[in-house]
Amino acid sequence: MQNKLKMIFIGGGNMATALIGGLLPDLTTPANVHVIDTHQASLDKLSARFGVTTGLSLEAGSAIGAIGDASALIEQTDVIILSVKPQQLREVAAALAPHLSGQLVLSIAAGIRSSDLSRWLNDYPKIVRSMPNTPALIGKGITGLFATAGVSDEQKQAAEDIMSAVGSTIWLDQEPLIDAVTAMSGSGPAYVFYFIEAMQQAGVDLGLTSVQATQLAISTFEGAALLALNSDEPVSVLRERVTSKGGTTYAALSSMENSGVKAAIIDAVKAAATRGKELGDELGAE
């Protein structure tokens, strides 16, 4: 991505902050980044930390007024990143629609389908929908991306470059697969934290201190994940290598199988995907 690419963030929360931090200074310059947010304090922090420009906060008036104030910048920008809460997006889209003339609209708002966003933007065709996850806050995220038919190859590359600033990316050729991405990686960090909590509790029950149990659980997850990431072999093979029949690992995994842990995890991820579809229906309703 060239340093001349201009972008506007509508919403300056944690994910926008992570993206701006990842983009600067290598992928763009502060002068090319403008932020509109609901809280003036957030705008002040972003300006002080990164040197980006900011406009009137949404709390200073309606979304229409705040976005209208930045209309000249919007009309001259290359990418508009929508990082507001899903419940705010319809109002933001109504304010934004009159100022669109070919810019890429990159949405990181959870649950809002591109067809609904396009409709709110007066049938605007250039939309990329993304689903990042919270490890993006430390540059270790992964983002699923879907582009509508009107998005050019150059704009797809711009979207990929922006989201790659906080981790890796995958492109999807069917938008409903975003629900699967949401269920796996979007919600996935919570599953990992849940498992870590259980391991911590087990360690304490076995006589370790809370600090010791926490260090062991987190470091084990980190090391195992890195081993899987850097191995050419399936995770099933890696698992088998540390599972000697009759040994301690075998006893633990046998207990999990008897308790239906694997099936429960699969069911949980599917439940998250189902709920993601339901939220899309609810948020996109007329």
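Residues numbered from 1 in each chain as written. Predicted model: local features only at pLDDT ≥ 70, side-chain atom pairs only at ≥ 80, totals over all residues. Heavy atoms only, no water.

## Here we look at the overall build of the protein chain
Move 1: Scanning the protein chain from N- to C-terminus turns up 13 helices and 8 strands.
Move 2: Counting only C-alpha atoms and orienting by the principal axes, one finds that the protein chain spans roughly 70 × 40 × 35 Å.
Move 3: The burial tally for the protein chain puts 40% of its 286 residues in the buried class.
Move 4: For the protein chain, restricting intrachain contacts to residue pairs at least 6 apart in sequence, the fraction spanning at least 24 positions comes to 61%.
Move 5: For the protein chain, the exposed surface amounts to about 15300 Å²; the carbon and sulfur share of it is 57%. (Helix = DSSP H or I, 4+ residues; strand = E, 2+ residues; numbered from the N terminus. Buried < 20%, exposed > 50% of the residue type's maximum accessible area, 1.4 Å probe, protein only. Contact = heavy atoms within 4.5 Å. Areas by Shrake-Rupley, 256 points an atom, 1.4 Å probe, with all protein chains shown as cover.)

## Describing the layout of surface pockets
Move 1: Approximately 600 Å³ is the volume attributed to the second largest pocket.
Move 2: Surrounding the second largest pocket, 26 residues form its lining, Asn14, Met15, Ser83, Val84 and Lys85 being those nearest its centre.
Move 3: For the lining of the second largest pocket, the leading source of residues is helix 1 (residues 14-23), giving 3 residues.
Move 4: Residues that form the lining of the second largest pocket fall into these classes: 12 nonpolar, 12 polar and 2 charged. (1 Å grid on protein atoms, 1.4 Å probe; cavity = no way out; pocket = protein on both sides within 12 Å on 5 of 7 lines; lining within 4 Å. Points joined across faces, edges and corners; volume = space filled by probe spheres on them. Nonpolar A, V, L, I, M, F, W, Y, C, P; charged D, E, K, R; others polar.)

## Notes on the environment of lysine 6
Move 1: With respect to the secondary-structure elements, lysine 6 resides in the segment before strand 1 (7-10).
Move 2: Judged by relative accessible area, which is 37%, lysine 6 ranks as partly exposed.
Move 3: Measuring from C-alpha to C-alpha, the distance between lysine 6 and glutamate 75 comes to 11 Å, with 69 residues separating the pair along the chain.
Move 4: Filtering out sequence-adjacent residues up to four positions away, lysine 6 remains in contact with Asn32, Gln76, Thr77, Asp78 and Val79.

## Digging into the packing of helix 8 (residues 177-186) against helix 9 (residues 188-205)
Move 1: For the pair helix 8 and helix 9, interaxial distance at closest approach is 5 Å and the crossing angle is 30°. Relative to helix 9, the element helix 8 is oriented roughly parallel. Between helix 8 and helix 9, the contacting residues are Ala183, Met184, Ser185 and Gly186 on the first element and Gly188, Pro189 and Tyr191 on the second.
Move 2: In terms of residue class, the contact of helix 8 with helix 9 is built from 4 nonpolar, 3 polar and no charged. (Axes fitted to C-alpha atoms, helices over the stretch in contact; angles between N-to-C directions. Parallel < 35°, antiparallel > 145°, perpendicular 65-115°, else oblique.)

## Quick word on the packing of helix 8 against helix 13 (residues 261-283)
Move 1: Across the interface, helix 8 lies against helix 13 with an axial gap of 8 Å and an inter-helix angle of 135°. Judged by the angle between their axes, helix 8 and helix 13 are oblique. The handedness of the crossing between helix 8 and helix 13 is right-handed. Each of Asp179, Ala183 and Met184 in helix 8 lies in contact with helix 13, whose residues at this interface are Val269, Ala272, Ala273, Gly276 and Lys277.
Move 2: Looking at the contact of helix 8 with helix 13 residue by residue, the classes come out as 5 nonpolar, 1 polar and 2 charged. (Left-handed = near helix turned anticlockwise from the far one by under 90°.)

## Remarks on the sheet that holds strand 4 (residues 79-82)
Move 1: Taken in spatial order, the 8 strands of this open sheet run 3-2-1-4-5-6-7-8, and their pairing is mixed. One side of each edge strand has no neighbouring strand; the edge strands of this open sheet are strand 3 (53-54) and strand 8 (167-171).
Move 2: Across 4 bridges, the pairing between strand 4 and strand 5 (residues 104-107) is parallel. Following the sheet pairing, valine 79 is matched in strand 5 by leucine 104.
Move 3: Seen against the sheet, helix 1 touches strand 1 and strand 2 (33-36) and runs at an angle of roughly 160° to strand 1. (Pairing = 2+ DSSP bridges.)

Keep in mind these numbers describe shape, not what the thing actually does.
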